[in-house]
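Breakdown of the fold
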Amino acid sequence: MKTTYEYSVLDLAIVSKGNSYNETFKNTVNLAQHTEQLGYSRYWLAEHHNSDHIGSVATSVLIGHVAEKTNTIKVGSGGIMLPNHSPLIIAEQFGTLGTLYPNRIDLGLGRAPGTDQETAQAINPNHHHSAISFPNEVEKIQHYFSEDNLNGKVRANVAEGVDVPLYILGSSADSAHLAAKKGLPYAFASHFATAKLFDALKIYHEEFTPSEVLEKPYTMAGVNIIVANTDEEAERISTSLVKVIVGLLTGKRDYMQPPTEMTPDLKEMFKHPAVDQMLKYSFIGSKATVKKQVKDFLKQTQVNELIAVTNIYAHNDRLKSYELFAEIMNEINNE
């Protein structure tokens, strides 16, 4: 039986040097509308804090804005970093979103802070404890969304019985156990956390327990995608991403910088072990080049869905890359 792969977007509302937040959010809406027309399944926004180049800080607010400006594409979180929040508040926020935009809102949940430790402490002084109790916090959210909580002393009234699918996110093997135990879809952040991808997928498949949500495992993987008309152009565009990664590793936060020619120094940065590890699942090049890389990745991982992350400087280059990637996935699905 032929496999058909879903393909989706993970956006961080990238703030490019010279752009305001207002312009950034307009670009976010435009990209969502563009990818909706191209047949993408979902448009996820990731919660991050204290980074100059990331605008998706008030994630649920931006999700509502994007959902209002689109018609059919599913919009959600990839993810909400649950230790930063009260499960009750998240249930109320996403119950409201699910009521306003029926059958279109996803709630992806992660246990990482999405920021540095000092900022995580400022968000929630009990952050470490909340991260440890992540499985219980997920259970609370499921409880608040359940109609069985009608007589509970603490209720998220607006969420009860509202269809907002939960997804468990992971960047290590830990959350794979939880997703499998609960029978929930599992999304791995292989666009930056590459080391444990195959271990996590193996755990999830081996331990999966069918649930009311899923009869069989459903896996998703984040991949960095930069497609252009030629390999050389894609390589040039990717220099902005490399600079951001180096900035993250060295603690030098900055806006997304314009691309430059691929110099010998930048090529050396690509080869640095830490950068190479983070960008292991980055598919950069022309359609033909990226198609081969994507097919190999799908064959190796057997995931059901790819979540494309295209963190580059120019909005038009991002639109073009997502357009070419949609063509790649359609070609793969039709082969």
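Located above this text is the structure these notes cover.
Cut-offs and rules
Residues numbered from 1 in each chain as written. Predicted model: local features only at pLDDT ≥ 70, side-chain atom pairs only at ≥ 80, totals over all residues. Heavy atoms only, no water. Buried < 20%, exposed > 50% of the residue type's maximum accessible area, 1.4 Å probe, protein only. Helix = DSSP H or I, 4+ residues; strand = E, 2+ residues; numbered from the N terminus. Pairing = 2+ DSSP bridges. Right-handed = clockwise from strand over helix to strand, strands pointing away. Phe/Tyr/Trp six-rings, centres within 6.5 Å; stacked < 30°, edge-to-face > 60°. Expected span 1.5 Å × (residues − 1). Arc of directions from axis to C-beta.

Topic: the pairing of strand β4 (residues 105-110)
- Here β4 lies mainly inside the structure; 6 of its 6 residues are buried.
- Covered by surrounding structure in β4 are Ile 105, Leu 107 and Leu 109 together with Asp 106, Gly 108 and Gly 110, the residues of both alternating faces.
- Sheet topology note: the strand β3 (residues 74-81)/β4 ladder contains 5 bridges and is parallel. Across the sheet, the residue bridging to Gly 76 is Asp 106, located in β4.
- Once the chain exits β3 it traverses helix α3 (residues 87-100) before rejoining the sheet at β4, and the crossover so formed is right-handed.

Brief notes about the packing of aromatic side chains
- The tally for this structure, following the rule as stated, stands at 9 aromatic pairs.
- Between Tyr 204 and Phe 208, the ring centres sit 5.6 Å apart and the planes meet at 70°, which makes this aromatic pair edge-to-face. Of the two residues, Tyr 204 and Phe 208, neither departs from the other in class, the shared state being buried.
- Through a chain of ring-to-ring contacts, three or more aromatic side chains come together here, namely Tyr 186, Phe 188, Tyr 204 and Phe 208.

Notes on α3
- The end-to-end C-alpha distance of α3 is 20 Å, a good match for the 20 Å that 14 residues give at a rise of 1.5 Å each.
- Among all positions in α3, only Pro 87, Ile 90, Ala 91, Phe 94, Gly 95, Leu 97 and Gly 98 are buried. In an axial view of α3, the angular spread of the buried residues amounts to 160°, which keeps them on one side of the axis.

By themselves, these are just geometric observations and shouldn't be taken as functional.
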